[in-house]
Structure formats: structure tokens, C-alpha cells
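# Observations on the three-dimensional arrangement
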Amino acid sequence: MMIDQILEFNKSFVTSKAYEQYVTDKYPDKKLAVLSCMDTRLTELLPAALGLKNGDAKIIKNAGGLVISPFDSALRSLVVAIYELGVEEIMVVAHTGCGACHMSYDHFHHEMIARGVTDETLDTIRHCGIDLDQWLEGFKDTPESVRRTVATIKAHPLVPRDVTVRGFIIDSTTGALEEVE
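No experiment lies behind these values; they were computed from the predicted model shown. (Residues numbered from 1 in each chain as written. Predicted model: local features only at pLDDT ≥ 70, side-chain atom pairs only at ≥ 80, totals over all residues. Heavy atoms only, no water.)

Another point: the pairing of strand 2 (residues 57-62). Sheet analysis places strand 1 (residues 32-37) next to strand 2, joined by 6 bridges and oriented parallel. Considered in strand 2, the bridge of L35 is made with I60. Regarding the hand of the β-α-β motif, the stretch spanning strand 1, helix 2 (residues 42-50) and strand 2 is right-handed. (Pairing = 2+ DSSP bridges. Helix = DSSP H or I, 4+ residues; strand = E, 2+ residues; numbered from the N terminus. Right-handed = clockwise from strand over helix to strand, strands pointing away.)

A sheet is described by the order of its strands in space; here 5 strands give the open sequence 2-1-3-4-5, paired in mixed fashion. Lying at the two open borders of the sheet, with one neighbouring strand each, are strand 2 and strand 5 (177-180). Averaged over all pairs of adjacent strands, the angle between their axes in this sheet comes to 25°, without regard to strand direction. Packing against the sheet, helix 3 (residues 73-85) makes contact with strand 1, strand 2 and strand 3 (89-95), and its axis sits at approximately 170° to strand 2. Where helix 7 (residues 142-155) meets the sheet, its contacts fall on strand 1, strand 3, strand 4 (164-170) and strand 5, and the angle it forms with strand 4 comes to roughly 165°. (Axes fitted to C-alpha atoms, helices over the stretch in contact; angles between N-to-C directions. Contact = heavy atoms within 4.5 Å.)

Moving on, we come to the nonpolar core. Core analysis: the largest hydrophobic core is formed by 22 residues, its most contacted members being I90, V146, I153 and V159. Residue assignment for this core shows that the elements contributing at least two residues are strand 1, helix 3, strand 3, helix 7 and strand 4. Element by element, the count of residues in this core is highest for helix 3, at 6 residues. The contacts of I153, once residues within four sequence positions are left out, are L35, V67, L78, I90, V92, V159 and V165. With 19 residues, the next largest nonpolar core counts L32, L52, M103 and I170 among its residues. (Core = buried A, V, L, I, M, F, W, Y, C linked by side-chain atoms within 4.5 Å. Buried < 20%, exposed > 50% of the residue type's maximum accessible area, 1.4 Å probe, protein only.)

On to the pairing of strand 3. Judged by how many residues are buried, strand 3 sits mostly within the fold: 6 of 7 residues are covered. With 5 bridges joining them, strand 1 and strand 3 adopt parallel strand pairing. Each bridged residue has a counterpart across the sheet, and for S36 the counterpart in strand 3 is V93. One ladder, built from 7 bridges, connects strand 3 with strand 4; its direction is parallel. Of the residues in strand 4, the one forming a bridge with E89 is T164.

To continue, consider the packing of aromatic side chains. Under the definition given, this model contains 2 aromatic pairs. Relative to F13, the ring of F9 has its centre 6.1 Å away and its plane inclined at 35°; by these criteria the two rings are tilted. Here F13 and F9 lie together in helix 1 (residues 2-15), a separation of 4 residues that amounts to about one turn. Judged by relative accessible area, which is 57%, F9 ranks as exposed. According to the relative accessible area criterion, F13 is partly exposed, its value standing at 22%. (Phe/Tyr/Trp six-rings, centres within 6.5 Å; stacked < 30°, edge-to-face > 60°.)

To continue, consider a nonpolar patch on the surface. Taken together, the side chains of I68, I125, I130 and W135 present a nonpolar region at the surface, about 370 Å² in accessible area. Mapped onto the elements, I125 comes out in helix 5 (residues 119-127). By relative accessible area, I125 is classed as partly exposed at 31%. (Patch = residues over 30% accessible without salt bridge, like charges linked within 9 Å, V, L, I, M, F, W, Y side chains within 5 Å. Areas by Shrake-Rupley, 256 points an atom, 1.4 Å probe, with all protein chains shown as cover. Salt bridge = Lys/Arg side-chain N within 4 Å of Asp/Glu carboxyl O.)

Next comes the structure, spelled out in C-alpha cells:
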């Protein structure tokens, strides 16, 4: 199992004190938060392309780098980063070739049924007020998605007007950034 391999590696990591190069505190040195996608291509590319090292920024990742509602976990994390951790600037960074582009509930529905989730369970979730179509919807246009996320953050009643929020698309291969106006 992969988790067991990771646990074995972790013992060695701690024993050899390899963690020492990463020691920092909880406050981002650059007073920056980055909201981006969880895509594996960005794991090391994103901070490298932005020139960030451990401790420089709060990096918040989810499927698509989206804020899907004014009170979702991404916006909650940004609000905490502002008030608790001193963040003054926010970068929303989408990327080329994102899997969340054209993502839809219909696709997930078939996958869920194939993995043993029943339509009855899905109906129960819907009856609890969860709109699965919206919750699992991706986006069709990456620049527009970035604009929408930036606008949602800027307009949020708990985000101070003096916090800078800007949007970008990073090339998933080269790391080149393009600002979205």
C-alpha cells in the first residue's frame, strides 16, 4: 500500500532531520495567498514558477482553483489567511489543460453508480438541499472562471477592500503566467 510506503519514508525523514530545511512559522513571509488547482502538474511547478519557497505564501488548492460559493472552504481559508495570518495579496492561479474544465455531474453520476453509490443515496443528498449538479460542475472557459473567482473574492463582505486580488493562468508545462484582466 502506498500509505504504508509513505509512513516508512516518513520515519527516515524525521530520523535524518531532513525537516530542518523546511522549518518556518505559520505566517506567510510574503503576506500572500495563492488559490490554485490541485492538479499534480502544479505540485512543484507552481511554487517554482512563482519563486516561492516554504514559508512564503499560503497555498490553497482544490479542484479547478475555484470559489464555488461565497461560503465554501476556499473562501473560508482566504478569510482566515487575511485575519489570522496577515495576508495582504491573493493570487488566483488557474492552469492550462485543467480537468475541471468541462467537468459535469453527469460524468460523476455514472462513475459513482459504477463504484457502488446508489441513486437512492444521491436522491437523499439532493433532498438535504445539496445541488449536486452545481457542486460538481466545472467550468467551460478558463479565463472567465478566473474572472468569476476573482470577482467573488473581491465582492465578499468579509474580504477587506485593501486586499489585492488578481487572477492568472499558468501554463501547465512551462510555468509561464498570463494575467487575466
